[in-house]
Amino acid sequence: MQITQHRNYFKIAFNAMASPCEILLFSDSHNLVKVVAKIAIDETKRFENKFSRYLYNNLCWQINRSEGKKVKIDLETFNLLEYANNLYQMSEKLFDITAGVLNKIWHFKKDAHPPSQSSIDELLPFIGFHQIDYAKKYFCMPKGMQVDFGGIGKEYIVDRVAQLITPICEPEEVSFLVNFGGDLVAKNFNSLHPAWHVGVENIESHRCSEKLINISQGAVATSGSTKRFFDYQGQRYAHILNPITGKPVMGAPRSVSVFAGNCSLAGGMSSLAQLQGKNAEIFLKNAEVEYLCYW
Amino acid sequence: MRQIYWIISFLIILSFIGKANSQLLEPPNSEDPLNLSQYSGKTVYIDFWASWCIPCRKSFPWLNKIRTTYSNEELVIIGVNLDKERAKAEAFLKEYPAKFDIFYDPKGILAEKYQLQGMPSSILINPHGQIVSAHSGFFQSKVSLYENEIQASINNYREVIREK
Amino acid sequence: MQLKKNLNVAEKLALATATLLGATAQAETVKDEWQFVGSILTYSEPDRVSALETIFTADKAFDDTAKLSYKIVLDSLTGASANGAIAQDDVQTFTRPSGNGQYIIQPQETPLDDTFKDTRAQFSVNWSDRLTEDSQYTIGTNLSREYDYQSIGISGELARDFDRKNTTLSIGLSYANDSVSPEGGRPLGFSSMVIDNGQFDDEQDYRNAFNATRISGDGSIDTTELLLGWTQIINRRMIMQMNYGYADVKGYLTDPFKVLSVIDSSATAKFYLYENRPESKKQHSFFALTKYHLNDSIIDFSYRYIDSDWDIKSHTLDLRWRLFAGKNSYWEPHVRYYQQSAADFYYPYFVEGTILPEFGSADYRIGEMDTYTIGLKYGFLIGDNRTEVRAEYYHQTPKSSSNEQVIITEDLNLYPSVDAFTLQFTYYFD
Amino acid sequence: MKSKWIFGVSIICITTFLGGCSSLGVQPWERDFLAKPGMAINSSPMDSSIDDHIYFSKEASSGGRSFAGGGCGCN
């Protein structure tokens, strides 16, 4: 963790959730910044420890190794599952937290190639949120299935951190920006504070450029395939996978950034848009949300 | 008729004894051994427990769950142990580990201060330092009530801050 | 259509995120818990009765406060039991209670009826729950069935706590109806036992004579009980309980298997009369118990006084001392002393030619007696489960009765003592 | 006449309690000893039901016991 002081703001930087995380605060109080840093890091680590797929014996580990047995879950997990279920229903089964098993056969790096149809067919029975049986106190899914809270977890924790530090920042009129790897929430508590300039990453023919956006209030989340893709036989295979076909969604934008009131909503909308493939922009227009779309 | 007289005299004498005793409590102590003022801005849940108290065993897993549902900034949980011998409390904690802080009160000073009516007992203090609820006993059927009270205390504070 | 649907997506999702981020807590469903206890016991009186009894209880807890308890008891009894007649210098012949056949008692031996063979099954269910913050109720029903006896009962109890549960007052009521249907019918009180000594022409002739001593129909007993309880915590180490109980029993209270010897002035039994008891009994009881926790042991002491309008007064003292040996085991010595006075209609025998009283019974169990019990229990763990082994020795010394009208000089052992041994094994599991 | 005797006994006991009543009872958090299973009023219900059955069949008076109370005081 690092706290650095800039001309008129402090920056807290740390790594969590496989992303660089930063919090910017318009403040001149180093003490307040330290308190905010502790809250943010504690909460992020708490969440990561509980839901990371890569940690031994945490809740996610127990769920993914339950082999068809019931696992006791708590309220927070239940709420996340309800939210994932909402996305699953709204996307007509395209957004699916059980789709992660496909990563066993799809490797989105340079010079990779698509797996065989038969290996895809083998995995498809293990996908489908509707196969999960869950209620307020338990979770149960068929053996061989996996869930991954990564698709909703980062946006959720950005919202949580913003929620937690607001009671500290708001009375002191400290505007802030919470930015975890491009998913961000900004809150402005003083009209004199300038907007934050945030660069939205874009890749055009291997050349990196950033488009700067200004944000002082609200949330932005981006989903895209700017880094994780491969070209094979003239086709671009990006890491947005369709859980029904088991194959990448073709023709999806390279990245979609959505502006919304909170980060979960922005992230949900951008993910849903990506899953629409070439209809992404129509989807976003119809939903009447503010967005940036790169093809 | 003789029997009726019997029952009545029996109950009257006994209920009189019950009354005589309830005035034994000393006046509440105004000290703050838990130093609660340091938690201003946070919801504080104080759980009074003892190793010999059977329902306390049920409340611990729930307290641990609540601990992981909320952040340290939103909610502080303090388990006040009332065992006379600390070793017994520690043996209990080995079997039922607590993910929250334990405060040892072998003399029952806090128990006296909050005039506990049963075991376990809980007290919920809102971020402004006011007691918003107190419960005697731990009932699975009331868990949603306990949780709603905690959530409400946290939510109310968020809104108050926002309105400012 | 498509447009409208998409328009809704952001709104719907906004609602979903609001729920996620402002999550309100939800109710947890309660898990139910079972607890079981199984116990097996052998009881034996040398040369008399032996019994094997198994008891199984299952308790299920609901919602922290409610509890459903089941209890099943099965016991089988075999052996002989004193029939009330006195020992003689000559062989005595008795008709079996069923009227089918006879049994012979050797000289100087206490007449025992050896036809006892019974299996009893009992089933009871109790439900208890909290009524208010500081009161609780229990309701229950009880069914018991054996070959010639059956009982059905209901009970209810209300308990209320006072003064931070330091004082508990309770009131309980129960009602039971028993029905007695001995094989061969119920004997008519004070009728003379018909004994086939060859005086009957044929079997039918004997049957007619036997049936003349019988009354028709089943005997019925109605028992109503009231129990008032007061439990008081005295201090950190001591608790006391006091109960007052009143029981009103009405109906066929006679024991259809018991007789009285009618003797002449030389103490020779001339014939036998079936006993005859009053049709009503009222009993008051007073029970006080105290438990005291010493450093490594618990003393459990109780006293009970019972008085009934049959004139039977009894005093019972019971002391158990549980000595903890390590964390999970204990020894518990037990001593009990019981003393009762005789019922006013207790007669060890009748004298030929005297006027019969209204009621009479020679059942030594309603005579004056002293009894004591000494026992030892050991409690330990098998795995995680509590286990107890208990052995007890019981000794009964009947006393001579003031209703003796003839001084019996011969050593006929009118009041034989009774010994009984029990061995019990109890296992508690989840 | 008989009940007078009982009445006398209970009055004596009650007045004994009343005399010392200023110190009767404990606070809810002082029930460490009382909460032990062995301190329950009827700590071995199995044994008492067996004993009741045996003594019922061997002696002329029975009953008077039963009822719960005291104990942990929890919940």
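The structure this text deals with has already been given above.
Here the residue numbers are simple positions, counted from 1 along each chain's written sequence. Ligands are numbered from 1 and chains lettered from A, in the order in which they are written. It should be noted that, the model being predicted, local features are given only for residues of pLDDT at least 70 and side-chain atom pairs only at 80 or more, the latter also being counted only at that level, while totals for whole chains, interfaces and linings use all residues. The side-chain figures draw on all heavy atoms in the structure; neither hydrogens nor water molecules are used.

Caption draft 1: Layout of the state of the cysteines. Residue and element names in this part refer to chain B. The term disulfide is used for any two cysteine sulfur atoms that are within 2.5 Å. Tallying each qualifying case throughout the model produces one disulfide over all chains. Put simply, Cys53 and Cys56 are joined by a disulfide, and their sulfur atoms are 2.4 Å apart. Around the S-S axis, the bridge from Cys53 to Cys56 shows a dihedral of about 85° and counts as right-handed. Of the two residues, Cys53 and Cys56, neither departs from the other in class, the shared state being buried. The buried label applies to any residue whose accessible area, calculated with a 1.4 Å probe on protein chains only, is under 20% of its type's maximum; exposed applies above 50%, and partly exposed to all values in between.

Caption draft 2: Just the interface of chain D and chain C, in detail. Contacts are assigned to residue pairs with any non-hydrogen atoms lying within 4.5 Å of each other. Every contact between the two is made by 52 residues of chain D and, on the other side, 85 residues of chain C. Buried area is calculated as the accessible area (1.4 Å probe) missing from two parts once they are joined, with the contributions of both summed. Together, the buried faces of chain D and chain C total about 5,600 Å²; carbon and sulfur atoms form 58% of this surface. By convention in these notes, a salt bridge is any Lys or Arg side-chain nitrogen within 4 Å of a carboxyl oxygen on Asp or Glu. If you look at where chain D meets chain C, you find seven salt bridges. Across the salt bridge formed by Asp32 of chain D and Arg236 of chain C, the nearest N and O atoms sit 2.6 Å from each other. Counting of polar contacts relies on pairs of N or O atoms within 3.5 Å, with two restrictions inside protein: one atom must be capable of donating a hydrogen and the other of accepting it, and residues adjacent in sequence are counted only when both atoms are side-chain atoms. The tally of links between chain D and chain C comes to 36 residue pairs in polar contact (both at pLDDT 80 or more).

Caption draft 3: Just the nonpolar core, in detail. Here, nonpolar core means buried Ala, Val, Leu, Ile, Met, Phe, Trp, Tyr and Cys residues that are tied together by side-chain atoms lying within 4.5 Å of each other. One finds Ile23 and Met269 of chain A to be the most contacted residues of the largest nonpolar core, which totals 84 residues. Contact partners of Ile23 of chain A, with chain neighbours within four places excluded, come to Phe10, Lys11, Ile12, Phe14, Val36, Ala40, Val161, Ile165, Leu177, Val178 and Phe180 of chain A. Residues Tyr45, Ile46, Val80 and Met119 of chain B belong to the second largest nonpolar core, which totals 43 residues.

Caption draft 4: Seen up close, empty space enclosed by the protein. Using a grid of 1 Å spacing that covers the protein atoms alone, one calls a set of points a cavity when a 1.4 Å probe fits there but cannot get out, and a pocket when the set is open and has protein on both sides within 12 Å along at least five of seven lines; lining residues are those with an atom within 4 Å of a point. Grid points are joined across faces, edges and corners, and a volume is the space filled by probe spheres set on the points. Under the counting rule described, the total for this entry stands at nine cavities of 30 Å³ or more. By volume, the largest cavity amounts to about 360 Å³. Surrounding the largest cavity, 27 residues form its lining, Asp318 and Arg320 of chain C together with Ser48, Asp52 and Arg65 of chain D being those nearest its centre. Put simply, the parts of the chain that give the lining of the largest cavity at least two residues each are β16 (280-293), β17 (297-308), β18 (313-324) and β19 (330-340) of chain C together with α2 (45-58) of chain D. The numbering of helices and of strands both runs from the N terminus, where a helix is a DSSP run of H or I of at least 4 residues and a strand a run of E of at least 2. A per-element tally of the lining of the largest cavity places α2 of chain D first, with six residues. Taken together, the residues that form the lining of the largest cavity break down as five nonpolar, 10 polar and 12 charged. Amino acids outside the nonpolar list (Ala, Val, Leu, Ile, Met, Phe, Trp, Tyr, Cys, Pro) and the charged list (Asp, Glu, Lys, Arg) are all regarded as polar, and Gly is one of them.

Caption draft 5: Region of the structure containing a nonpolar patch on the surface. All names here are of chain C. Patch membership requires over 30% relative accessible area and the absence of a salt bridge. Like charges are linked within 9 Å, and nonpolar side chains (Val, Leu, Ile, Met, Phe, Trp, Tyr) within 5 Å. Surface exposure here means Shrake-Rupley accessible area, sampled with a 1.4 Å probe, where a residue is shielded only by the protein chains that are shown. Side chains of Phe301, Leu317, Leu319, Val335, Tyr337, Tyr372 and Ile374 sit close together on the surface and give an oily, nonpolar patch of about 570 Å² of accessible area. Mapped by element, the contributors of at least two residues to the nonpolar patch are β18, β19 and β21 (369-382). Take Phe301: its relative accessible area is 33%, and that puts it in the partly exposed class.

Caption draft 6: Local environment of the sheet that holds strand β3 (residues 19-25) of chain A. All names here are of chain A. Pairing between strands is defined by DSSP: at least two bridges between them are needed. The eight strands lie next to each other as β1-β2-β3-β7-β8-β11-β16-β17, forming an open sheet whose pairing is antiparallel. Strands with a single pairing partner mark the edges of an open sheet, and in this sheet they are β1 (2-5) and β17 (290-294). Within this sheet the neighbouring strands show an average axis-to-axis angle of 10°, counted without direction. Across five bridges, the pairing between strand β16 (residues 255-260) and β17 is antiparallel. If you follow Phe259 over to β17, its bridge partner there is Glu290. For helices, the fitted line uses only the C-alpha atoms of the stretch in contact; every axis is such a line through C-alpha atoms, and the angle between N-to-C directions lies from 0 to 180 degrees. Taken strand by strand, helix α5 (residues 150-169) contacts β3, β7 (176-180), β8 (183-187) and β11 (218-224), and its axis lies near 155° from that of β7. Strands in contact with helix α6 (residues 263-275) are β8, β11 and β16; relative to β11, the strand with the most contacts, it is inclined by about 30°.

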